[in-house]
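Residues per chain, in single letters:
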Amino acid sequence: GSYKTEAVKLTILDAKGTEFSISEIDVLGITGDNVDFRSDDTGAPAIGILKDDYVYKDGDGTGKIPAGSKVFIGSYKGNPAYNVVMLYDQDGNIVGGTKKEENGEESLNAHQMIFAELPPAGDIQNVSDGTWVYWIEPDETIDMSKLKKVRAELYRVDDALTNEGQRLVSDSYFKEVPTVLPSTTIK
């Protein structure tokens, strides 16, 4: 559905007599989409080094996240067929960065996957508590020493194959990245 809005009110608390500026304001609307990080058993964000290969079903075949990958694990609410997760560091850079391919196009040094349970009817609908995994494989020589904080952004696309119509629908708060990444498993 569509929504008609005639005004948006912005309230800055305790700002009387204070100057402030706004560099960006996004009105996301009622999307229902949400993104955050999952926590480990200690309450810390689920960020670590994958202990064992994680094998998953991918269409008709299987794939794997190799042991030794740097993994970031979170939750989302949305439609997994049309959602994409991206991670950004404290300086606004994509976590993992990009590289130039032989054909001249840029690609990510990271991978992301969104998980959802397949309903009996076979048609994936909106998910209220799904899981996403963003990972950097061990053979990607990425300098992680500058990564102090990380936040997730969730995008909705019109075409899952081309990412056409990509728009931001949710983002998370920054999470501290552990100095030493703990050993992590995916269940």
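Please read these numbers as outputs of a predicted model, since none were measured by experiment. (Residues numbered from 1 in each chain as written. Predicted model: local features only at pLDDT ≥ 70, side-chain atom pairs only at ≥ 80, totals over all residues. Heavy atoms only, no water.)

(A) Representation of the nonpolar core in the model. One finds F37, F72, L87, V95, W132, Y134 and V150 to be the most contacted residues of the largest nonpolar core, which totals 21 residues. By residue number, the principal contributor to this core is strand β10 (residues 127–136), which donates four residues. Discounting residues that sit within four places of it in the chain, Y134 has contacts with K70, V71, F72, V85, M86, L87, I94, V95, A110, H111 and Q112. Counting residues in hydrophobic clusters, the runner-up holds 11 residues, among them L50, Y54, V71 and W135. (Core = buried A, V, L, I, M, F, W, Y, C linked by side-chain atoms within 4.5 Å. Buried < 20%, exposed > 50% of the residue type's maximum accessible area, 1.4 Å probe, protein only. Helix = DSSP H or I, 4+ residues; strand = E, 2+ residues; numbered from the N terminus. Contact = heavy atoms within 4.5 Å.)

(B) Region of interest: a nonpolar patch on the surface. A surface patch of nonpolar side chains, amounting to about 490 Å² of accessible area, comprises L10, I12, F20, I22 and I25. Among the secondary structure elements, I25 is positioned in the segment before β1 (34–37). A relative accessible area of 53% places I25 in the exposed class. (Patch = residues over 30% accessible without salt bridge, like charges linked within 9 Å, V, L, I, M, F, W, Y side chains within 5 Å. Areas by Shrake-Rupley, 256 points an atom, 1.4 Å probe, with all protein chains shown as cover. Salt bridge = Lys/Arg side-chain N within 4 Å of Asp/Glu carboxyl O.)

(C) Structural view of the side chain of K70. Structurally, the position occupied by K70 is in strand β5 (residues 70–78). For the buried K70, which has no salt bridge, the nearest side chain bearing the opposite charge is D139, at an N-O separation of 8.8 Å. (Lys, Arg positive; Asp, Glu negative; His and termini not counted.)

(D) Structural context of the pairing of β5. The buried count for β5 comes to eight of nine residues, which makes it a mostly enclosed element. Relative to β5, β1 is paired through four bridges, and the arrangement is antiparallel. Each residue of the ladder has a partner; that of F37, found in β5, is G74. Where strand β2 (residues 47–50) lies against β5, three bridges are found, and the strand directions are antiparallel. If you follow I47 over to β5, its bridge partner there is F72. Where β5 and β10 come together, eight bridges link them in antiparallel fashion. Within the sheet, the bridge partner assigned to G74 lies in β10 and is W132. (Pairing = 2+ DSSP bridges.)

(E) Region of interest: the packing of aromatic side chains. Under the definition given, this model contains three aromatic pairs. When the ring of F37 is compared with that of W132, the centres are 5.4 Å apart and the planes differ by 70°; the resulting orientation is edge-to-face. With a gap of 95 residues between them, F37 in strand β1 and W132 in strand β10 connect regions that are remote in the sequence. Taken as a pair, F37 and W132 share a single burial class, namely buried. Between the aromatic rings of F72 and Y134, the centroid separation amounts to 6.2 Å while the plane-to-plane angle is 80°, which identifies the pairing as edge-to-face. In this pair, F72 sits in strand β5 while Y134 sits in strand β10, placing the two residues 62 residues apart along the sequence. (Phe/Tyr/Trp six-rings, centres within 6.5 Å; stacked < 30°, edge-to-face > 60°.)

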